[in-house]
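# Commentary on secondary and tertiary structure
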Amino acid sequence: MTSGDWISAEWKLNIGRPSSLVIFLAFAGLLIYAAFNGHSHLENRMQAIDRHQAEIEQTMSSWRDNLALKESLGAQADLSPRTGSAMDVRFSTYLPQAPLADFAIGQADILPYLAAISLSDPDIRMFSRYEFDDPISLLLGSFDLSTAIVVLLPLLLIVLCFDFISSDRDANRLGLTLSQGIGISSLFWSRLLIRSGSVVAVLIMMMVLVLLIQSGYASISERINPFLVWTATTVIYAGFWVAVIAWVASCNKRSEFNIMALLSLWLAFVFIVPSGSSAILETVYPTPTRLAYLAEARETENETRLQESEIANQFILDHPEMLVNEAAEIPAFLRSSFLVTNTVDQATRPILDEFEAAAQRREASVGVIRYLSPAIIVHGLFNDLAGTSAGRHHSYMQQVREFKAAYADRVGPGIVAGQPLSMAEFESIEGFRFQENARVGALGNHLLPLLFLFALIVVAVVVVNRRLASFRVVGQSD
Amino acid sequence: MISHIMRKEAMEVSRDGRTRLLAVIVLLLGLTGLLAGWANYTDQQRNAMFAQEIDQNVFLDQGEKNPHSAAHFGRMAYKPAPPLASFDPGAAQFMGQVIWLEAHQRNPAMFRPAADSLELSRLSSFSVAGILAVFLPLLVFLLGYAAFAGERERGTLRQTLASGTSVGALFTAKFVVIASAGVVLATVSIVVSTVMALFAPVSLSAADTLIRAFWLICVYAVYVVGLTGFALLVSSLCRHAKTALLVLLGIWAVSVMVLPRIGAGVAAQVHPIPDGAQVWRELRASVAENRAAPGTPEYRAAEQFVVSRALGRDVSLAEMDNMDLNSSGLRLEVNEVLDYAALNAFYTDIYAKYYGQREIRRWFSLLSPTIALQHASSAFSGTDFVAHQHFADSAELQRNEIVRVMNEDMLIHGAGMTTYLSDAEFWENVPDFEYVFPSASLSLRSALLDFVVLLLWGALASWLAWTFTRRRLAS
C-alpha cells in the first residue's frame, strides 16, 4: 500500500468519522481559546507597563522642572525645600516581555514584572504591594498554549491512538487484515503515525496561525526563532507520547488494557511526578520564611531609628568629603528616611541572598528530577522560551534591587549631607534596563533533557520493532 | 435480592486488580498529600506565631517616639492557617500571609507562598482535596464503566435479568457498591485529616472542626453520587465497555482538567482585576475624591466625633473650638475617619470582582461539578476567599483601632507641642491583634450554592442513569 492508500484508509476508518472530527474541532477550539487567553494576559501586562512608565515619567518630569527652576532662580524660587532631593527620584523598572510571551503565561501571573524604585521604600515593600489578583483564579491556573500542549496533547494522542491496533485484535479481524499481504510493522507504524500526525498537524497549524495573527507587539523575525524551538520541542514531546503509545500497543493486549495503561502513564508523567517532586523538593530545600524576613526588617528598622545619630555619624565618617563647607539644603527627615531604609535593606540582603541560594538549590534539583517526567522538561522549556519562567522573574527582581543599591551608594552621601542632586548629575544616571544575560544559558540547559527524550523515543522504537518481529495475532495458530 | 447482588458486585470490585491498584495509589498519594499538607500547615502556623511574637516585641521596644511615626511603622497581622488547611489548602498558597497595619492606608495581604514555590507545582495540587478531586472520578468511572456495558458484552446481563432479578434491584445494587467505594475513600481521608486538625494549635473549637468535617463528607458524598450516576448512565447507553470507558475518560479529562481552568480564565476576562499599580492609583484618587475639605460641615462633624470619642463624652463644636488640642493629631484622626469609608468601599469593589469571578465559575460548574466541589471543599476547610476576607476585615478593624489609639494620644497629650513624643511605655496600651476564625456557618453560607449545584448534579445524573438504564434494559 502507498502512503496515500494508508491515509485514505485511516480517513475512512478513523480520522474522518464524525466523532473524531468533533474531537479535532474541540481541540482546535481549545487551542484558539488558549492562544487568546495567553495574548490577553500579555496585553494586560503590556498595558500595565505602559501606564507604569507614563506615571513615573510624569512624576519625574515635574521633579526635573522644579530642579531646573531651583538651579536657575536659586533661593528666589518658591519651591518645596525638598526640591531636587535624590529621595524623591523614582525609576520605572519592568521586565521586558519576550517575543513568545503570549504562548505561556508561566509565572508571570504571580511574580512581579514591574516596580518603581524609590529610596523611600525598603526592598521589602518594592514588590509586595501588587498582590491584588484573585487567588482562586491563580490556584486554578491559566489555560494557555503551554498548558494545552503539556496536558491535552498527550491525552488527545491517547484517545485517538490507544486502539489503533487493538481494535482489530478485539474484533478478531487483525488476522484477516494481515492476510491481505500487509506486514504487521507496516500496519502498526502507518496507522499510528497517520493518526498521531494528524493531531500534531492540527496543533502546528494552529500555532503558526497564532504566531502570524498575534504578532502585534513583536515582529515575526523576533518570534520566529523561539517559535521554531517551541515547535521542535512540541514535536519531540508528541514523539515521546507516540513512542509510549507504540510501546503499550506492542504488548498486544486488549483496548481496555491499553487505555488504562496509557492513562496511568499520563497521570503519572503530567500530574503525579511534577506535583510530588515539587512537594518533596520544597520540603527538602525550604526557603527561609518571608515572615522571618519581614520580622528581621522590622527589627532592624526599629533599631536604626533608635540609633539613628550613631548610624548617621558612621555614614558621615565613611563619606567625609560630603561635609566640607556644605550647608544642608534638604530637610533632615529625608536623611533619617534614607538612613533607615538603607540600613534595613543592607540588613535584610543576606536573607534575600538565602532566598536566592535556596531557589538555586531547588532549581538544580529540578534539573535532575525533570528526567522523571517529560512534562517537567517541556513545561520548563516553554516558560523559558516565553520569558515567563520563575528564574527570569527572580533575575529581574535581583537586578532591580542591585540597581537600587547602586543608586543609594551613589546619591546616599549627598542625601545625608542634605544636598540636592544637580541636573547634570541626575542626567548622568542611566535608568534601569533589564539584562537578558541568562536566557541563552537557560535555553541551553534544556538541550540535554530534550536529547534524553529523543533517545527514549529511539529506544522505544527499537523495542517496539523487536516486539513486532515476534508479534502473534491472537487466535491465529502458528 | 439486592443484598445478594450487592455482595456479588462488591466481590467483583474487590477482585478487580485495577481497582485495587488505583485504590492503593490514591491512598498512598492521599497519605503523602496529608503529610505534606500537615508539615506545611504546622510550618506556617509556627512561623506566624514566631513572627507575631517578634513583631510584638519590636513594637513595644520603640522607645520614645512620635505616635504618628509609630503608626506608620504599624503592626503586622499574621494570618493563622485554619486546621483543615492540611486537608484542603484551597487558595492559601495564592493569598498573602500577613497584612501591614499602618496609618492612612489599607494594605492587601502580602507574601504569597506560591511566589516562592517551584513553577512545576502549578501543574497540579498535591493536597488531599486536590488528589480526591482528580482521582475520585477516575475511581468511580473505572468501577462503573463496565457495570452494564461489560455485562452486556459478556452476555451475563441477559442471564441476570432472565433469572428474575428486577432492573431496579440490579441498578440499586450496582449504584450502592460503586458509590460506597468512593464515599468510603473520601470519608477516610476527611476523618484522618480531621483527627489531625483536632490537635492543631489554633483557636478553633473542636465542635466547629467536626461540623466542617461533617459538611465536607456530605459534599464529597454528593459528588461521588453524581459521578456514579454518570458512570452508570454512560455504561447503560454504550454498547461496548470500551466505548463507555472512553466516553467517561473524556468526561473526566474535560470536567476535571480542562473546564476548571477555562472557567477561571473566562471569569478573569469577564471581571478583570486591575493590576496592582493601577489599583493603588485608583485607591489614592478615590480617597482624595471622597475626603471632605477642612471647614466643611462634614469635616467639622468628623472633628466633633473624633474629639468626643477621644474624651469619652459628647463635645459641642463651640466647646471643641476652645479646647487645647494637638491640631496634627486631630487632623490625622479626622482623615482616618473620613478615609475609612472610602478605603472600605474601594476594597468592597475589588472583592466584588472576586465574587463576580466566583459567579462565572459557578455557571461553569453546571458543566463541571468539580468546580462546585473545589468551591465547597475550600469553603468548609476555611481556606476560600470568604475566609480570607474575614481575616482582612478583622485586620482592618485592628488597624483602625491602633491608629486611633496613637492619634488620640497625640491629640490629647500633645497639645501645644510641635513635636510630641509618646512615652516608651505607651506602646503597651496598643491592643494586640487576636484573630478569631469565623464559624462554620459562614462557610455554609459561602458554599451553599455550590452544594446545591452538587446536589442537582447528583440528582440529575442519578435520575438520568435510572431512567435510561430502565429503558435500555427493558428493551
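Quick note: structure is the one above.
An account of the accompanying structure is given in this report. This one's a predicted model, so the numbers in the text were calculated from it and none came from an experiment.

For the rest of this paragraph, the subject is the overall build of chain B. A tally of helices and strands in chain B yields 16 helices and two strands. Radius of gyration (C-alpha) of chain B: 29 Å, far over the 23 Å computed for a compact globule of 475 residues. With the principal axes as the frame, chain B shows a C-alpha extent of 100 × 40 × 40 Å. For chain B, buried positions account for 59% of its 475 residues. Taking the intrachain contacts of chain B between residues at least 6 apart in sequence as the baseline, contacts between residues at least 24 apart amount to 82%. For chain B, the exposed surface amounts to about 18,900 Å²; the carbon and sulfur share of it is 63%. One way to put it: in chain B the 37 positive side-chain charges average out to a point 21 Å from where the 41 negative ones average out.

A word on helix H15 (residues 390-416) of chain A. Residues and elements named next belong to chain A. A rise of 1.5 Å per residue sets the reference length of H15, with its 27 residues, at 39 Å; its end C-alpha atoms lie 37 Å apart and thus fit the reference within 8%. The largest bend along H15 measures about 45 degrees and falls at arginine 410, with the proline proline 413 one to four residues further on. A large share of H15 lies buried, amounting to 21 of its 27 residues. With its phi angle positive at about 75 degrees, glycine 418 sits one or two positions after the end of H15.

Before going further, it helps to examine the pattern of salt bridges. One pass over the structure, following the stated rule, counts 39 salt bridges over all chains. The partner of Asp134(A) in a salt bridge is Arg361(B), and the shortest N-O contact between them spans 3.3 Å. Residue Asp134(A) is found in the loop between helix H3 (123-126) and helix H4 (135-140), and its partner Arg361(B) is found in helix H13 (residues 327-365); the two belong to separate chains. With relative accessibility at 3%, the residue Asp134(A) sits in the buried group. Given the relative accessible area of 2%, Arg361(B) is considered buried.

Turning next to the interface of chain A and chain B. Each partner contributes residues to the interface: chain A has 84 residues there, and chain B has 80 residues. When chain A packs against chain B, the two sides together hide about 7,800 Å² of surface, and 65% of this comes from carbon and sulfur. Together, Phe132(A), Leu291(A) and Arg298(A) form the three largest contributors to the area buried by chain A at its contact with chain B, with a combined 12%. Counting across the chain A and chain B interface gives five salt bridges.

What follows deals with the nonpolar core. Formed by 178 residues in total, the largest nonpolar core has its most connected members in Phe188(A), Trp230(A), Trp241(A), Trp266(A), Tyr220(B) and Trp252(B). Other than its neighbours up to four places away in sequence, Trp266(A) contacts Val151(A), Pro154(A), Leu155(A), Ile158(A), Trp241(A), Phe271(A), Trp252(B) and Met257(B).

Moving on, we come to unusual backbone geometry. Of all residues except glycine, most have a negative phi; of all peptide bonds, most are trans. The phi dihedral of Asn252(A) is positive, around 60 degrees, even though this residue is not glycine. Along the chain, the position of Asn252(A) falls in the loop between helix H9 (220-249) and helix H10 (255-284). For His104(B), which is not glycine, the phi torsion reads 75 degrees and is therefore positive. Inspection of the secondary structure puts His104(B) in the loop between strand S2 (98-101) and helix H4 (128-144). Accessibility expressed as a relative area gives 31% for His104(B), which makes it partly exposed.

The subject of this paragraph is the packing of aromatic side chains. Applying the stated rule across the entire model yields 37 aromatic pairs over all chains. Pairing Phe91(A) with Phe403(A) gives two aromatic rings, centres 5.0 Å apart and planes at 80 degrees, and the pair type is edge-to-face. Residue Phe91(A) is located in strand S1 (residues 91-94), and its partner Phe403(A) is located in helix H15; the two are separated by 312 residues in the primary sequence. In terms of burial, Phe91(A) and Phe403(A) fall into one category: buried. Centroid distance Tyr354(B) to Phe385(B): 4.6 Å. Interplanar angle 80 degrees. Geometry classified as edge-to-face. Of this pair, Tyr354(B) sits in helix H13 while Phe385(B) sits in helix H15 (residues 385-413); the two residues are 31 residues apart in sequence, bridging distant segments of the chain. Across the pair, exposure class does not vary: Tyr354(B) and Phe385(B) are buried alike. Among the aromatic residues, ring-to-ring pairing joins Phe91(A), Tyr396(A), Phe403(A), Tyr407(A), Phe432(A) and Phe434(A) into one connected group. Over the ring of Phe257(A) we find Lys253(A); its NZ or CZ atom is 4.8 Å from the centre of that ring. The residue whose ring lies beneath Lys65(B) is Phe73(B), and the NZ or CZ to ring-centre distance is 4.5 Å.

Cut-offs applied
Residues numbered from 1 in each chain as written. Chains lettered and ligands numbered in written order. Predicted model: local features only at pLDDT ≥ 70, side-chain atom pairs only at ≥ 80, totals over all residues. Heavy atoms only, no water. Helix = DSSP H or I, 4+ residues; strand = E, 2+ residues; numbered from the N terminus. Rg over C-alpha atoms; globule rule 2.2 N^0.38 Å. Buried < 20%, exposed > 50% of the residue type's maximum accessible area, 1.4 Å probe, protein only. Contact = heavy atoms within 4.5 Å. Areas by Shrake-Rupley, 256 points an atom, 1.4 Å probe, with all protein chains shown as cover. Lys, Arg positive; Asp, Glu negative; His and termini not counted. Charge placed at Lys NZ, Arg CZ, Asp CG, Glu CD. Expected span 1.5 Å × (residues − 1). Bend = angle between axes of the 7 residues up to and from the residue. Salt bridge = Lys/Arg side-chain N within 4 Å of Asp/Glu carboxyl O. Buried area = accessible area lost by both parts, 1.4 Å probe. Core = buried A, V, L, I, M, F, W, Y, C linked by side-chain atoms within 4.5 Å. Phe/Tyr/Trp six-rings, centres within 6.5 Å; stacked < 30°, edge-to-face > 60°. Lys NZ or Arg CZ within 6 Å of the ring centre and 35° of its normal.

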